[in-house]
Amino acid sequence: MIETYSQPSPRPVAPGLPVSMKILLCILTAFLITQMIGSALYTVYLHRRLDKVEEEVSFHEDFVFIKQLQKCNKGEGSLSLLNCKEVKRRYEDLVKDVSLNTEEKKETRYEMQKGDEDPQIAVHVVSEANSKTTSVLQWAKKGYYTMKNNLVTLESGKQLTVKRQGLYYVYTQVTFCSNQQPSSKDPFLVSLCLKSTSGSERILLRAANTHSSSKPCGQQSVHLGGVFELQEDSSLFVNVTDASQVMHGVGFTSFGLLKI
């Protein structure tokens, strides 16, 4: 016996959305997006408009306040004496607050500028006649003495001590009598020395000049100068081989520095 089976027919595929429905959905989507953008722009406009209205109202209140003040000063209008006192008190408080704020801003700006600017540091001293007895020259607080800033001090009359780290131009000029009988046959030496905070000393610059046999006193000058990085509390001094030959007249022997 032969049995036959019939295969079921395939289900029909549901047709897609019609073209008109797709177009309608696109239009609705575009409308919603446009609506959202428009609402956002309107909200921004509304906030800006409210701010402007508040500003105008503030200006109007200020104008009304000024008109009331003018009427109180002229004795016009229906404002009572008590109301005029209140208006004047408000005005005085306002002026006081504005003045205090202005002064505070000026002081703050001045302090900022004062803190930002680099103070000018300059020193120039001349020799002291008492330094004939020691090899380290002494400097007098008189004559052509200049101390531009308290960030440099002259300690014990011998050394310049800097209170701020930085680059400095350091110089010295020493004038001596070259035909005086020297204590030795060695040349006349001038040394610009540095004393660090640890107490160690080293020579920064040195120059030598030979003696002369001319008479009277043969004046010769030694010049030293250079730029150095100085640490805080470091000191500078000038040393010579024979201080008795140094001339201490006006402009002969000097020592100084300048922060750059």
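The structure displayed is predicted, hence computed values, not measured ones. (Residues numbered from 1 in each chain as written. Predicted model: local features only at pLDDT ≥ 70, side-chain atom pairs only at ≥ 80, totals over all residues. Heavy atoms only, no water.)

Points about the overall build of the protein
Part 1 of the reasoning: A tally of helices and strands in the protein yields 2 helices and 11 strands.
Part 2 of the reasoning: Across the 260 residues in the protein, those meeting the buried criterion constitute 27%.
Part 3 of the reasoning: Residue pairs in contact within the protein that sit at least 24 positions apart in sequence constitute 69% of those at least 6 positions apart.
Part 4 of the reasoning: As displayed, the protein offers around 18700 Å² of accessible surface, 56% of which is attributable to carbon and sulfur atoms. (Helix = DSSP H or I, 4+ residues; strand = E, 2+ residues; numbered from the N terminus. Buried < 20%, exposed > 50% of the residue type's maximum accessible area, 1.4 Å probe, protein only. Contact = heavy atoms within 4.5 Å. Areas by Shrake-Rupley, 256 points an atom, 1.4 Å probe, with all protein chains shown as cover.)

Re the sheet that holds strand β8 (residues 201-209)
Part 1 of the reasoning: The antiparallel open sheet is built from 5 strands, whose spatial order is β4-β5-β10-β7-β8. With one partner strand each, in any of the chains shown, β4 (152-155) and β8 form the two edges of the open sheet. Taking the axes of each pair of neighbouring strands and ignoring which way they run, one obtains an average angle of 20° across the sheet.
Part 2 of the reasoning: In terms of strand pairing, β4 meets strand β5 (residues 159-162) through 4 bridges, oriented antiparallel. What sits directly across from E155, in β5, is Q159. (Pairing = 2+ DSSP bridges. Axes fitted to C-alpha atoms, helices over the stretch in contact; angles between N-to-C directions.)

Brief notes about the UniProt feature "transmembrane region" (unreviewed entry) in the protein
Part 1 of the reasoning: The positions that UniProt labels "transmembrane region" (unreviewed entry) are, in the present scheme, residues 20-45.
Part 2 of the reasoning: Strand forms 0% of residues 20-45 and helix 100%; the C-alpha atoms that close the span are 37 Å apart. (UniProt positions renumbered as here; feature names shortened; annotations may be inferred.)

Remarks on the pairing of strand β11 (residues 254-259)
Part 1 of the reasoning: The buried fraction of β11 amounts to 5 of the 6 residues, a majority that puts the element mostly inside the structure.
Part 2 of the reasoning: The sheet contact formed by strand β6 (residues 166-177) and β11 spans 6 bridges and is antiparallel. Along β11, the bridge assignment pairs Y169 with L258.

Topic: the packing of aromatic side chains
Part 1 of the reasoning: Evaluated as defined, the whole model comprises 3 aromatic pairs.
Part 2 of the reasoning: When the ring of W139 is compared with that of F255, the centres are 5.3 Å apart and the planes differ by 40°; the resulting orientation is tilted. In this pair, W139 is assigned in strand β2 (residues 139-140) and F255 in strand β11, connecting sequence segments 116 residues apart.
Part 3 of the reasoning: Residue F255 is classed as buried on the basis of its relative accessible area of 0%.
Part 4 of the reasoning: On the numbers, 4.0 Å between centres and 15° between planes, the contact of F176 with F188 is stacked. Of the two residues, F176 sits in strand β6 while F188 sits in strand β7 (residues 188-195), which places them 12 residues apart along the sequence. The pair F176 / F188 is uniform in exposure class, with both members buried. (Phe/Tyr/Trp six-rings, centres within 6.5 Å; stacked < 30°, edge-to-face > 60°.)

As for the pattern of salt bridges
Part 1 of the reasoning: All told, the structure shown has 2 salt bridges when counted by the stated rule.
Part 2 of the reasoning: Two residues, K163 and E155, come together in a salt bridge whose shortest N-O distance is 4.0 Å.
Part 3 of the reasoning: Ionic pairing is found between D233 and K163, a salt bridge with its closest N-O pair at 3.6 Å. Residue D233 is found in the loop between β9 (219-230) and β10 (235-240), and its partner K163 is found in the loop between β5 and β6; the two are separated by 70 residues along the sequence.
Part 4 of the reasoning: Classification of D233 by relative accessible area gives partly exposed; the value is 36%.
Part 5 of the reasoning: Overlapping salt bridges, with partners in common, bring together E155, K163 and D233 in one network. (Salt bridge = Lys/Arg side-chain N within 4 Å of Asp/Glu carboxyl O.)

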